[in-house]
Each structure stands twice: as structure tokens, then as C-alpha cells.
Amino acid sequence: MTDAAGTASAVLETAARITVLTGAGISTDSGIPDFRGPGGVWTKNPRAERLSTIEAYLGDPDVRRQAWQGRLRHSAWTARPNPAHLALVALERAGRLRCIATQNIDGLHQAAGNAPDLVLELHGTLHRVVCMACGDRTPMPAALDRVRAGEADPPCRRCGGILKSATISFGQPLEESVLRAAADAVVDADAVLVIGSSLSVHPAAGLVGIAADAAVPVIIVNAEPTPYDPRSVAVIREPIGDAVPRLVDAALSRSGRQPATARRRDPCRGGGVTSK
Ligand code: NAD
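Residues numbered from 1 in each chain as written. Predicted model: local features only at pLDDT ≥ 70, side-chain atom pairs only at ≥ 80, totals over all residues. Heavy atoms only, no water.

Asks: What is the right way to read the state of the cysteines from this model?
Replies: Put plainly, two cysteines are in a disulfide when a covalent bond ties their sulfur atoms together. Considering all chains together, one arrives at 1 disulfide under this definition. In this model, Cys99 is linked to Cys268 through a disulfide, with the two sulfur atoms separated by 2.4 Å. Of the two residues, Cys99 is situated in strand E2 (residues 97-102) and Cys268 in the segment after helix H11 (259-262); the sequence distance between them amounts to 169 residues. Taking the relative accessible area as the measure of exposure, Cys99 reaches 0% and is therefore buried. When its relative accessible area of 0% is taken as the criterion, Cys268 is described as buried. Not engaged in a disulfide, the cysteine Cys131 finds its nearest cysteine sulfur in Cys159; these two sulfurs lie 3.6 Å apart. Classification of Cys131 as buried rests on a relative accessible area of 3%. Of all cysteine sulfurs, the one in Cys131 lies closest to Cys156, which takes part in no disulfide; the gap is 3.7 Å. (Disulfide = S-S within 2.5 Å. Helix = DSSP H or I, 4+ residues; strand = E, 2+ residues; numbered from the N terminus. Buried < 20%, exposed > 50% of the residue type's maximum accessible area, 1.4 Å probe, protein only.)

Asks: It is not clear to me how the packing of aromatic side chains should be interpreted in this structure. Could you clarify?
Replies: Any pair of aromatic rings gets described here by the distance separating the centres and the angle formed by the planes. Inspection of the entire model under this criterion finds 0 aromatic pairs. Lying across the ring of Trp68, Arg71 places its NZ or CZ 4.4 Å from the centre. (Phe/Tyr/Trp six-rings, centres within 6.5 Å; stacked < 30°, edge-to-face > 60°. Lys NZ or Arg CZ within 6 Å of the ring centre and 35° of its normal.)

Asks: How do you make sense of the pattern of salt bridges when you look at a structure like this?
Replies: A side chain with one charge may pair with a side chain of the opposite charge, provided their charged atoms come close. Scanning all chains against the criterion turns up 11 salt bridges. In this structure, Arg65 engages Asp62 in a salt bridge whose closest nitrogen and oxygen atoms are separated by 3.9 Å. On the criterion of helical spacing, the pair formed by Arg65 and Asp62 is a turn pair, its members being 3 residues apart in helix H4 (residues 61-72). One salt bridge connects Arg148 with Asp145, and the closest N-O pair in it is separated by 2.9 Å. In this pair, Arg148 and Asp145 both sit in helix H7 (residues 140-148), 3 residues apart, roughly one turn of the helix. On the basis of relative accessible area, Asp145 is assigned to the partly exposed category, the value being 45%. A single salt-bridge network, built from bridges that share partners, covers Arg17, Arg98 and Asp188. (Salt bridge = Lys/Arg side-chain N within 4 Å of Asp/Glu carboxyl O.)

Asks: Looking at this structure, I do not really get the side chain of Ser165. What am I missing?
Replies: You can see Ser165 is positioned in strand E6 (residues 163-167). Judged by its relative accessible area of 4%, Ser165 is buried.

Asks: Would you explain the site of the ligand in this entry?
Replies: Taken together, 28 residues lie near the ligand, and Arg36, Gln103, His123, Ser198 and Glu224 sit nearest. With respect to the ligand, the side chain of Asn222 contributes an N or O atom lying 2.9 Å from an oxygen atom. Burial of the ligand by the protein amounts to 93% of the accessible area it has alone, namely 860 Å². (Near = heavy atom within 4 Å. Polar contact = N/O pair within 3.5 Å; in protein donor to acceptor, adjacent residues only side chain to side chain. Areas by Shrake-Rupley, 256 points an atom, 1.4 Å probe, with all protein chains shown as cover.)

Asks: In this structure, what is going on with the packing of helix H8 (residues 176-187) against helix H9 (residues 206-213)? I would like to understand it.
Replies: The N-to-C vectors of H8 and H9 enclose an angle of 35°; their axes lie 8 Å apart at closest approach. Seen from above, H8 lies across H9 with right-handed handedness. Counting all contacts with H8, which are made through Ala182, Ala183, Val186 and Val187, the residues of H9 involved are Leu207, Ile210 and Ala211. Considered class by class, the residues forming the contact of H8 with H9 number 7 nonpolar, no polar and no charged. (Axes fitted to C-alpha atoms, helices over the stretch in contact; angles between N-to-C directions. Left-handed = near helix turned anticlockwise from the far one by under 90°. Contact = heavy atoms within 4.5 Å. Nonpolar A, V, L, I, M, F, W, Y, C, P; charged D, E, K, R; others polar.)

Asks: Looking at this structure, how should I read the sheet that holds E6?
Replies: Whenever strands of a sheet pair, they do so through backbone hydrogen bonds, lying parallel or antiparallel. As summarised here, the arrangement of the 3 strands in space is E5-E4-E6, forming an open sheet in which the pairing is antiparallel. Two strands close off the open sheet at either side, each with one partner strand: strand E5 (137-139) and E6. Neighbour-to-neighbour, the strand axes of this sheet turn through a mean angle of 45°, independent of strand direction. As paired strands, strand E4 (residues 124-131) and E6 are joined by 5 bridges and run antiparallel to one another. Across the sheet, residue Val130 finds its bridge partner in E6, namely Lys164. Set on the sheet, H4 makes contact with E4 and E6; between it and E6 the angle comes to about 55°. (Pairing = 2+ DSSP bridges.)

Listed below in C-alpha cells is the structure:
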């Protein structure tokens, strides 16, 4: 075992409440490419980044048509949770998961079996559609059926406005209540486990700094260096599919230092849990 892996295991073994921050790297083993890893969508095609800005989406019908075609073909529709996702379900079942704050839009934590109220989707979800004019939210499959039937850029059925996946594009603010709940969850944890993020997208990446400022130990599992490595107690540069199940096994080999509170299952939002 490396020094970093030993430190990480020791921290997690005694942590009663673990908050997990995930990024695209946890889903690459499920067949969904990340953005900035070696096989990432933007590493291979830097122009694709433009499709993810709200300005381009709202201002250019061609960008919207391309975005709908991308949604039709998205790998999330066939992806299945992998062993790292399943390890986080084991953590929840053992009463040791405070919350998962994910930057992912793929819904794989919920598909794996994590309770939806313990998953904070910082960047929204691909599984819903939102009208940019009236705010109406509808399921994605119905919109994709319209695209398949020939509507290249389907308008809102209620008001005629521009429809978009309910994800946060660059230039759009995050939902404040979700971000606040995530900030609460990192300071209210005994450890923060970061999995598969380049930690280059803010404000999500800033959650790591918030945890470190509150003296909550941070463990990072990521193949490549991140700007927050110096603020962590351990950086594990191994494949997520190996490292995460092993770390969770280590965490579950001991009961955490406050079993009574640890086994209380609180939602990440509501129930007074997130108000400090
Ligand atoms: P990112 O692409 O910036 O970084 C992913 C990191 O994960 C990289 O540093 C890469 O080296 C590492 N990584 C990938 N696979 C790994 C593996 N098997 N083992 C170890 N490390 C691995 O992703 P990000 O930090 O999440 O930020 C990108 C943005 O893209 C987010 O806002 C997210 O919403 C979005 N995104 C989401 C998905 C998804 O939902 N699955 C996919 C792509 C992008």
C-alpha cells in the first residue's frame, strides 16, 4: 500500500460521515467519456466546448440542432453503473455517507441505488428538459422522441420558448440551494472523498477549498494532478475502478468514530440538515 493509500484508509476508517464529490472520471468506466482526461471530449475536439456555453446555445440555432443530435446519441442512455458507483451505495447502506455532490449529469449514482435525496446534482441532469423562457420542466425521452420525429430544435409546447437539457452550461449560475447544501455537506463531514474530477470547474471545485478551510480532511482519487492536490491529505493516482472499491472496503472495515450519529440517515436537502 502506498503512503497516500494508507493515509486515505486511516482517515476513512474513522470517518462517520463521509461526503463524496464526484466528477466525470467516475463514469468513464461506464463508457461515458470525460471532458479533459486523455480520451476526453474536449481534449479530442476543443471546438466542442463552445456547445456548452449558454450564450452559443441561446444565440445560435445551429448550435442547438447540434446539441439535440448530441443528446440523441449520448452514451448516458446505455451506460450502467460501475464498481465505483456501487461502492458508494455500500457506503450509504452502512450509514457512513453524508452526501454525494456530483458534477455529473448522467444519473448513474441514482441508477446504482443511492437515495436521490443524498445526491446533489451540482450541474443538473440530462434526464430532464427545461424551457429557457417559462421554466417548464419535462422528461428528456419525450423531447428526444420529437427530435427523432423531425423537430431538429423542438420548442416548448407551453410557450414556444427554447428547450434545453436541465444541465448547467458555462455562463449559467448553479442552483443556489444545491450549492449551499453541498457546501454544508463538506464542512459537516469527517472526510471528503473526491473522485474523478480535474477540479477545474468553479464553483464546484471550490467545495474542496471550503472543506480544507474547515480542517475537514480531503482525499483525491484522480489519474491526473488537480489544483487542489496541495490542499488534500492524500492523492491517489490509480484507476478509480480499483481505488474506490478498495477505499470503501477499508472505510467499512471499521465502524467510524460516532456510530450513533453516523447511522442516522439525513437527506442532503431539507429536514433542517442543511441549515446551519
Ligand atoms: P473533467 O473531464 O474535467 O476531469 C475528469 C478527470 O477524471 C480527469 O482529470 C481524468 O484524468 C480523470 N479520470 C477519468 N477517468 C478516470 C479513471 N478511470 N481513473 C482515474 N481518473 C480518471 O471532469 P469534471 O472535473 O467532472 O468537470 C467536467 C464537467 O463536465 C462537469 O461539469 C460535468 O458536468 C461534465 N461532464 C459530465 C459527465 C457525466 O455526467 N458523466 C461527462 C463529461 C462531462
